[in-house]
Amino acid sequence: MNHRSGPLTLHLVAAASLAAMLPSGAWAQAATAESGKLTVITVTAERRAENLQDIPSSVSTIGAELLDSLNTGGQDIRMLAGRVPSLNIESSFGRAFPRFYLRGYGNTDFRLNASQPVSLVYDDVVQENPILKGFPAFDLDRIEVLRGPQGSLFGRNTPAGVVKFDSMRPSLKALGGYGSVSLGTFSSINAEGVLNLPVSSQSGLRLSVLSQTRDDWVKNTLAAGPTKEFEGYRDNALRLQWLFEPSKDFSALFNVHARDYDGSARLFRANIIQPGTNDFIPGFDERKVAFDGINHSELQNQGANLRLKWNLGDVTLHSITGYEHVKTYSRGDIDGGPPPYNFGGGAGAIPFYSETADGMPKHSQWTQELRLESNASGPLSWQGGVYFFKEDYKIESFDYDSTAGNAQQGYERVRQKNDAYAIFGAVNYAVTPQLKLRGGLRYTWDKKTFAIEDYNSSAFVPCIGPTIGAIPAPPRCSLADLAALGDTSAKTSDKKLNWDLSGTYALDKNTNLYARAATGFRASSVQGAGAFNDQSIGKPENVTSVEAGIKADLFDRRARLNFGVFNYTVKDLQLTAVGGATGNANVLLNAKKATGQGFELDLQAYLTDNLLASVGVGYNDTKIKDPSLVVSVCGNGQYVTSPNCTVLDPQPTATTANINGNPLPQAPKTTLNFTLRYSQPVADGEMYVYTDWVYRSKINFFLYESKEFTGKPLTEGGIRVGYTWGNGKYDAAIFGRNITNQIRIVGGIDFDNLTGFINEPRTWGLQFKASF
């Protein structure tokens, strides 16, 4: 399949559109900043515009040049993994459904109604459903990563932190813009453009478009396979904003946005892990698979928001109204290999076929926030408000018979509704010019209803024989069977008060000490029953976190150092046991407790006026603490009576393991990022070299530990060499991503065979960008 053969409308718009006169990249920033000095970074981590160095918590930002370098290569939201300390992002869906982790704290749940402890807030609107979190990051003013609980100002489901995207706003001053086009490996094309159009002295428009396409580069070696090639995609997105400012006391910013994706789903590769190790099998070739199942993924996302701001004198009133809608469908060959299927199991065998699909044909999310902010100039300031959240969606899951023409043989249709309300407030008080304190409270009501509306698995064992292994009884063949078990619906209702208290102390005008204590919670979660598992409910989890650190501008702002230590405890941690003896299913669990401790460091420095370096380090030591918590291990208990991997935990039975003391899944102990940029004037322009590197240590794919399902350390590097001229208006560059071509297994499926999926290979490309 050649995904460039899809609609070209956004291609042409992206290549031709032009953006506001907004400097893009560090070379442009240098033109407006003092040479060899770092610029002040303004963030809104506490819902006000403030200097990053004055925020009493661990906050990092991702700059324009790094974001531009990553986007140029056509990467999706996972490109941000490790780019700031303690941030990890992964997905078993590919370019959809990213899962975020901060300080090792996240959720591996792969169902479409999963909740996550890291919240994504895009243009002040929470993106609750995991599919919404994949909206591309382009034409952004900044990305902020807020580590630690953010419950007071950002609400529920933020116990690990918040990743915050803020789009560039329309400018009323001048017509301007840019267009960028890059060509790369696998016939990839990445086109981005922005047009800023002042309509009058009081209003202006900003159109931002992105189009990313790539041809398939993985071949199906199975001649009878229904999908012949994989890993291509067409991913288009746009955003239109209208700013209206009739006076200094009122502004309205309207935003509509959309995304259209069509391409490959994640490739699950059967038995690519050498038994007894976490190495690839000899002769592994990332360009080849052998699938007898269909592979396809698509999604359509539309949304709008309206942000109003009234200056009422002593206070300012903010209103933020948001709407999001998404439809998605993803189908894949889960067993990852071809027939014959060996129901007896054994090394290298595929015990049984598994081809499934998940879809969301209906979804809506409405949010409304009203917030009052004080305008007082004295030592006391405050803000407070109310918040409303409403989400309603349907999910469809399908199973297919890979041995009978990929015919559908089972399905489940569920509906979930989620309503949440909150009141919140925060106070800032300057005790002295050096000592400033902050505190916040938020009270949240959260309700969910979950119902299985239709279900049929009559083509599965145990509904048809023979019975193999341990099958849950009684049979779960129809909706009536599930109803008899009381497994067709659930309701949850949670109430929680969260708080935070923090302070900064200025040692001098360039150095601040800070400390913070905060709580957060994640509301209850529900996962439905299926052919081989009962309904499961994860009760609310609650976190208490403390941190302290120092933020300093050094050497007359030629360097900036932010360093902090943290410790958190999560009670009733929601965990997701996936696969294993439970089959291709999710089972929600609550661990009695989990802990995390570590540190983060951000350092930027001009080594010379033309050489800028940055280093970020995160250390996260996480541990599950529940002596009685047992989960299923690799090898499906219905077909394989012993594990097909080397389990490293104590095993009460042949198919289970005790996970007390294990680290959290997908939680690298160490993350490291590094960038270096050198520039030199040449003729009437500037030649530059920019390189970025990211490293993470080993990770566990699952709750239990095994040799095979431990991901090796991963290091990826990028490089960009270019020339900019015309006072920064034109830029031409060559670039490379994963330039060492380090291929790693980054995730697995354990219920059938030693299945793994991998990271992106090395790519090269050319880019041209023009501004006016």
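Remember, it's a predicted structure, so these values are computed and weren't measured experimentally.

**Description of the overall build of the protein**
Each helix and strand counted, the protein has five helices and 42 strands in total. Over its C-alpha atoms, taken along the principal directions, the protein stretches across nearly 75 × 55 × 45 Å. Within the protein, the fraction of its 772 residues that count as buried is 59%. A total of about 27900 Å² of accessible surface is found on the protein, and carbon and sulfur atoms cover 59% of it. Charge centroids of the protein, computed over 74 positive and 76 negative side chains, lie 4 Å from each other.

**A word on the side chain of Ser402**
Structurally, the position occupied by Ser402 is in the loop between strand E21 (380-401) and strand E22 (407-430). A polar atom in the side chain of Ser402 sits 2.8 Å from the side chain of Glu355. Ser402 has contacts with Asp292, Gly293, Tyr341, Tyr353 and Glu355, leaving out every residue within four places of it along the chain.

**Re the sheet that holds strand E14 (residues 229-230)**
Taken together, the three strands give an open sheet; going across it, the order is E14-E13-E17, and neighbouring strands pair in mixed fashion. Looking at which strands have only one partner, the edges of the open sheet turn out to be E14 and strand E17 (288-289). Taken together, the two bridges between strand E13 (residues 218-220) and E14 define a ladder with antiparallel strand orientation. Residue pairing across strands places Lys219 opposite Glu229, the latter belonging to E14.

**Examining a positive patch on the surface**
A cluster of basic side chains, namely Lys571, Lys593, Lys623 and Lys625, defines a positive patch on the protein surface. Its location among the elements puts Lys593 in strand E30 (residues 586-608).

**Some remarks on the side chain of Asp109**
Looking at the element boundaries, Asp109 is found in the loop between strand E5 (99-102) and strand E6 (118-122). Of the side chains with opposite charge, Arg111 lies nearest to the buried Asp109, which makes no salt bridge, at 5.8 Å. Here Arg111 takes part through its backbone nitrogen, which lies 2.9 Å from a polar atom of the side chain of Asp109. Dropping the residues within four chain positions of it, Asp109 is found in contact with Phe97, Arg99, Ala114, Gln527, Thr576, Asn586 and Leu588.

**Looking at the state of the cysteines**
Applying the stated criterion to the full structure yields one disulfide. The side chain of Cys634 participates in a disulfide bridge whose partner is Cys645; the two sulfur atoms lie 1.8 Å from each other. Because the torsion about its S-S bond is -85°, the bridge between Cys634 and Cys645 counts as left-handed. Of this pair, Cys634 sits in the loop between strand E32 (630-632) and strand E33 (656-658) while Cys645 sits in the loop between E32 and E33, placing them 11 residues apart in sequence.

**Looking at a nonpolar patch on the surface**
On the surface, Leu312, Leu372, Leu380, Trp382, Val427, Tyr429, Val431 and Leu437 cluster together to form a nonpolar patch covering roughly 670 Å² of accessible area. Among the elements of the structure, E21 and E22 are those that each provide at least two residues to the nonpolar patch. Note on placement: Leu312 falls in the loop between strand E18 (296-311) and strand E19 (315-333).

**Describing the sheet that holds strand E9 (residues 161-167)**
Taken in spatial order, the five strands make up an open sheet running E3-E8-E9-E6-E7, and their pairing is mixed. The sheet is open, and its two edges are formed by strand E3 (59-62) and strand E7 (125-126), each paired on a single side. The sheet contact formed by strand E8 (residues 140-147) and E9 spans seven bridges and is antiparallel. Residue pairing for E9: Glu144 is matched across the bridge by Lys164.

**Looking at the pattern of salt bridges**
Per the stated rule, a full pass over the model turns up 48 salt bridges. Asp76 is paired through a salt bridge with Arg95; the nearest N and O atoms lie 3.9 Å apart. Linking Asp76 in the loop between helix H3 (64-72) and strand E4 (87-90) with Arg95 in the loop between E4 and E5, this pair joins segments that are 19 residues apart in sequence. Arg95 carries the same exposure label as Asp76, and that label is buried. When salt bridges that share partners are traced, they join Arg47, Arg48, Glu369, Arg371 and Glu373 into one network.

**Notes on unusual backbone geometry**
Phi at Phe97 is positive, roughly 60°, even though this residue is not glycine. The residue Phe97 is located in the loop between E4 and E5 in this model. Here the phi dihedral of Phe555 falls at roughly 55°; this positive angle occurs in a residue that is not glycine. Tracing the chain through its elements places Phe555 in the loop between strand E28 (541-554) and strand E29 (559-578).

Scoring rules and cut-offs
- By convention here, each chain's residues receive numbers from 1 onward along its written sequence.
- Since the coordinates come from a predicted model, pLDDT governs what is reported: local features require at least 70, and pairs of side-chain atoms require 80 or more to be given and counted, while whole-chain, interface and lining totals use all residues.
- Based on all heavy atoms of the structure, the side-chain values leave hydrogens and waters out of the count.
- Numbering of helices and strands runs from the N terminus; a helix is a DSSP stretch of H or I covering at least four residues, while a strand is a stretch of E covering at least two.
- Between buried and exposed lies partly exposed: a residue is buried under 20% and exposed over 50% of the maximum accessible area for its type, with that area taken using a 1.4 Å probe on protein chains only.
- Note on areas: Shrake-Rupley with a 1.4 Å probe; residue coverage comes only from the protein chains shown.
- Here Asp and Glu are counted as negative and Lys and Arg as positive; His is not counted, and neither are the chain ends.
- By convention, charge coordinates are those of NZ in Lys, CZ in Arg, CG in Asp, or CD in Glu.
- Pairing of N or O atoms within 3.5 Å defines a polar contact, subject to two protein rules: one partner must be a possible hydrogen donor and the other a possible acceptor, and residues neighboring in sequence count only if both atoms are side-chain atoms.
- Note on definitions: a residue-residue contact is assigned when non-hydrogen atoms from the two residues lie within 4.5 Å.
- By this definition, two strands are paired if DSSP reports at least two bridges between them.
- Exposure above 30% relative accessible area and the lack of any salt bridge qualify a residue for a patch; like charges then connect within 9 Å, and the nonpolar side chains Val, Leu, Ile, Met, Phe, Trp and Tyr within 5 Å.
- Any carboxyl oxygen of Asp or Glu within 4 Å of a side-chain nitrogen of Lys or Arg constitutes a salt bridge here.
- Put simply, a disulfide is two cysteine sulfurs that come within 2.5 Å.

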